[in-house]
Amino acid sequence: MQIDNISHIATNALCTACGACAGVCPKNAIEIITNTAGYLVAHINNDLCINCRKCAKICPSNPENKPSIETDDIFHGVCLAGYVGYASDSTIRQKSQSGGIVTALLCYLLEKGEIEGAIVNNLNPQTRRPQAVLASSKSEIIDACGSYYAQSSVAKTILENSDKTTAAVVLGCQAESLQLIREKYPNITLPKYTIGLICAGQHSGNMIDDLIEQSGCNDEQLSAFRFRDKSYGWPGDVHVTTSTEDCWLPKESRHRLKQVYELHRCIACYDQMNIFSDIVCGDPWGISHKQQPEGHTVVIARTETGKNLLENAARDGAIVLEELSIEDIFRGQTVDGRHKTKFYTCREIFYENEWLFPYPDNSFENIPFIPANRMVRQNLWKRLTYSRDLYLTTDGEEYLRKVALKKKKLQGNFIQKVVRKAMSYGAVILRKLSIIR
Ligand SMILES: Cc1cc2nc3c(=O)[nH]c(=O)nc-3n(C[C@H](O)[C@H](O)[C@H](O)COP(=O)(O)OP(=O)(O)OC[C@H]3O[C@@H](n4cnc5c(N)ncnc54)[C@H](O)[C@@H]3O)c2cc1C
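Residues numbered from 1 in each chain as written. Predicted model: local features only at pLDDT ≥ 70, side-chain atom pairs only at ≥ 80, totals over all residues. Heavy atoms only, no water.

**Q** For this particular structure, what's the right way to read the site of the ligand?
**A** Around the ligand, 32 residues are found, and the nearest of them are Ser-98, Gly-100, Thr-103, Ser-147 and Asp-283. Ile-101 places a polar main-chain atom, nitrogen or oxygen, 3.1 Å from an oxygen atom of the ligand. In isolation the ligand offers 920 Å² of accessible surface; the protein chains occlude 97% of this area. Only helix H5 (101-111), strand E4 (117-124) and strand E11 (279-282) provide two or more residues apiece to the shell around the ligand. Residue composition of the shell around the ligand, by class: 17 nonpolar, 13 polar and two charged. (Near = heavy atom within 4 Å. Polar contact = N/O pair within 3.5 Å; in protein donor to acceptor, adjacent residues only side chain to side chain. Areas by Shrake-Rupley, 256 points an atom, 1.4 Å probe, with all protein chains shown as cover. Helix = DSSP H or I, 4+ residues; strand = E, 2+ residues; numbered from the N terminus. Nonpolar A, V, L, I, M, F, W, Y, C, P; charged D, E, K, R; others polar.)

**Q** Could you clarify how one ought to interpret the sheet that holds strand E12 (residues 297-301) in this entry?
**A** By definition, the strands of a sheet pair up through backbone hydrogen bonds, in either a parallel or an antiparallel sense. Strand order across the open sheet formed by eight strands is E5-E4-E6-E7-E11-E12-E3-E13, with mixed pairing between neighbours. The open sheet has two edge strands with one neighbour each: strand E5 (129-135) and strand E13 (319-323). On average, each strand axis in the sheet is inclined to that of its neighbour by 30°, with strand direction left out of account. Running at roughly 130° to strand E6 (residues 166-170), helix H8 (residues 172-184) makes contact with E6 and strand E7 (193-197) of the sheet. (Pairing = 2+ DSSP bridges. Axes fitted to C-alpha atoms, helices over the stretch in contact; angles between N-to-C directions. Contact = heavy atoms within 4.5 Å.)

**Q** Hey, could you run me through the nonpolar core in this one?
**A** Inside soluble globular proteins, nonpolar side chains tend to come together where they are buried. The biggest cluster of nonpolar side chains holds 99 residues, and the ones touching the most others in it are Ile-6, Ile-30, Phe-225 and Tyr-270. With six residues, helix H14 (residues 335-353) is the single largest residue contributor to this core. When neighbours within four sequence positions are excluded, Tyr-270 is seen to be in contact with Ile-69, Ile-74, Phe-75, Glu-176, Ile-275, Phe-276, His-339, Phe-343, Tyr-359 and Phe-364. If you look at the next biggest cluster of nonpolar residues, it comprises 33 residues, including Ala-81, Tyr-83, Cys-107 and Ala-135. (Core = buried A, V, L, I, M, F, W, Y, C linked by side-chain atoms within 4.5 Å. Buried < 20%, exposed > 50% of the residue type's maximum accessible area, 1.4 Å probe, protein only.)

**Q** Mind showing me how you'd approach the packing of helix H9 (residues 206-215) against helix H10 (residues 251-261) here?
**A** Helix packing geometry: the angle between the two helix axes and the distance between the axes. It is at 10 Å that the axes of H9 and H10 come closest, and there the two elements cross at 145°. Considering only the axes of H9 and H10, their crossing is right-handed. From H9, Asn-206, Met-207, Asp-210, Leu-211 and Gln-214 reach across to H10, where they touch Ser-253, Arg-254, Leu-257, Lys-258 and Tyr-261. The residue makeup of the contact of H9 with H10, split by class, is four nonpolar, three polar and three charged. (Left-handed = near helix turned anticlockwise from the far one by under 90°.)

**Q** Is there a simple way to explain the packing of aromatic side chains in this structure?
**A** Aromatic ring pairs are defined here through the distance separating the ring centres and the angle between the ring planes. Within this structure, the stated rule accounts for 20 aromatic pairs. Residues Phe-75 and Tyr-344 carry aromatic rings whose centres are separated by 5.8 Å and whose planes lie at 55° to one another, so their mutual orientation is tilted. Placement of Phe-75 in the loop between helix H3 (54-57) and strand E3 (81-87) and of Tyr-344 in helix H14 is noted, with a sequence separation of 269 residues between them. The burial state of Phe-75 is the same as that of Tyr-344; both residues are buried. Summarising the aromatic geometry, the rings of Phe-357 and Tyr-359 are spaced 5.5 Å apart at their centres and angled 70° between planes, so their arrangement reads as edge-to-face. When sorted by exposure, Phe-357 lands in the same class as Tyr-359, which is buried. Among the aromatic residues, those joined into a cluster by ring pairs are Phe-75, Tyr-270, Phe-343, Tyr-344, Phe-350, Tyr-351, Trp-355, Phe-357, Tyr-359, Phe-364 and Phe-369. Lying over the aromatic face of Tyr-386, Lys-406 brings its terminal NZ or CZ to 4.6 Å of the ring centre. (Phe/Tyr/Trp six-rings, centres within 6.5 Å; stacked < 30°, edge-to-face > 60°. Lys NZ or Arg CZ within 6 Å of the ring centre and 35° of its normal.)

**Q** Please explain unusual backbone geometry as it appears in this structure.
**A** Glycine aside, a negative phi is what most residues show, and trans is what most peptide bonds show. Cis geometry is found at the peptide bond from Trp-234 to Pro-235, where omega equals 5°. Mapped onto the elements, Pro-235 comes out in the loop between strand E8 (222-229) and strand E9 (237-242). Even without being glycine, Asn-51 reaches a positive phi, approximately 55°.

**Q** In this structure, what is going on with the domain arrangement of the protein? I would like to understand it.
**A** Frequently, the measure chosen for interface size is the accessible area removed from exposure when the parts meet. Split by domain assignment, the protein resolves into domain 1 (81-332) and domain 2 (401-437). Using only C-alpha atoms to locate each centre, domain 1 and domain 2 end up separated by 35 Å. Facing six residues of domain 1, the contacting portion of domain 2 comprises five residues. Between domain 1 and domain 2, the buried area comes to about 490 Å², and carbon and sulfur atoms account for 67% of it. When the buried surface of domain 1 facing domain 2 is broken down by residue, Arg-256, Gln-259 and Val-260 rank first, second and third, together holding 78% of it. Inspection of the region where domain 1 meets domain 2 yields one salt bridge. Close ionic contact of Lys-407 with Asp-210 constitutes a salt bridge, the shortest N to O distance being 2.6 Å. (Domains from an automatic or database assignment. Buried area = accessible area lost by both parts, 1.4 Å probe. Salt bridge = Lys/Arg side-chain N within 4 Å of Asp/Glu carboxyl O.)

Below you can see the structure in the form of structure tokens.
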């Protein structure tokens, strides 16, 4: 069945709201709206739509679209070199999410006159949601340090600024829509540099409201919100700031909400490692000697453009880099174990349920993976059915009920886990005591 426009993607809970469709639409018929469940979603005004299918052709969730990939290895992509490092500027490093490499590279490009501005994300204090913006000064770029784990229409902002020379920070789905535009509409000017983030998934913006509420902050006038503020060391805790209050929440509170607000489409994504960008950056998970409070960024150069940028920035003292084996980076991000298993199991679950799967049939065959055990499969099934159902909810009361129930279930699982752990520690201690006696 041919997908005529992106409405079909949204009704299948597959829209990530990257916003590329809104950016390419010749009639401005597409806007990004917030649905009942708080997810951003592309919406078509049928009175304006001329059925040109431009939106469908560049949507990364349309199974008819498969961008050309220069390698069969879609989970790893092309890797020219691996590194770990940090921003030389201590303010950038301190404010950043990991080691500040992304922000330092953007500032370097601006100072060198290579770009007029950078497409980054900052928080809109009125809406309490991240927003993609063009930052044209160093201070604006530094103000946008840090990661927003909630949806943002980055590709739309990129296309709105296609008359300028830019560098853009993108997630895998956003980079994939840019790649489709590059192939199908080569006349559209895209950013000179794309700096990708490793991504395990986005969430609805309602996660931010929930964390603010849990933090106990009552002041309506938000001045800042950080999912991970590393003032007290990497990886960082939730931090809510207003003119009168300064509230912190431990990172575990954020982890507990991930499955409540996660985006259905992200659970089934293969591109955690952002294979379509010039450079991809992430946290040093699994790289134990680099998990220091000041923060480090792991980096993979995917194109010659990206590799040259990294080498030049290191040579000119904007960043400090050391080589790191690419295998170590992939191992740390659990790509070959957990991630591949998740992808192929999700694919099976989508097919069994006859849900629209966001990738072409029979793509990604012949890539070895470890099959999921019963518990992993069951857990993914629960996550996919819940997130799909939540995304498609049209009644506000119903939405609140579903979220409350999910939280209760997760809380129950958490208590069960703690009890099980305590019992197994108890058994070890008893065994030891009886040996001693
Ligand atoms: C949704 C999401 C999921 C992630 N998942 C993982 C993961 O599983 N494993 C991992 O190792 N790393 C993950 N990261 C990346 C990690 O959090 C850091 O962004 C990365 O290590 C770069 O750190 P840095 O200090 O160099 O970046 P910084 O110097 O802090 O710069 C980060 C840049 O990212 C921009 N940005 C923030 N949020 C978004 C967004 N939603 N979309 C596009 N740009 C944004 C900021 O505006 C800023 O320019 C994720 C990031 C996001 C946003």
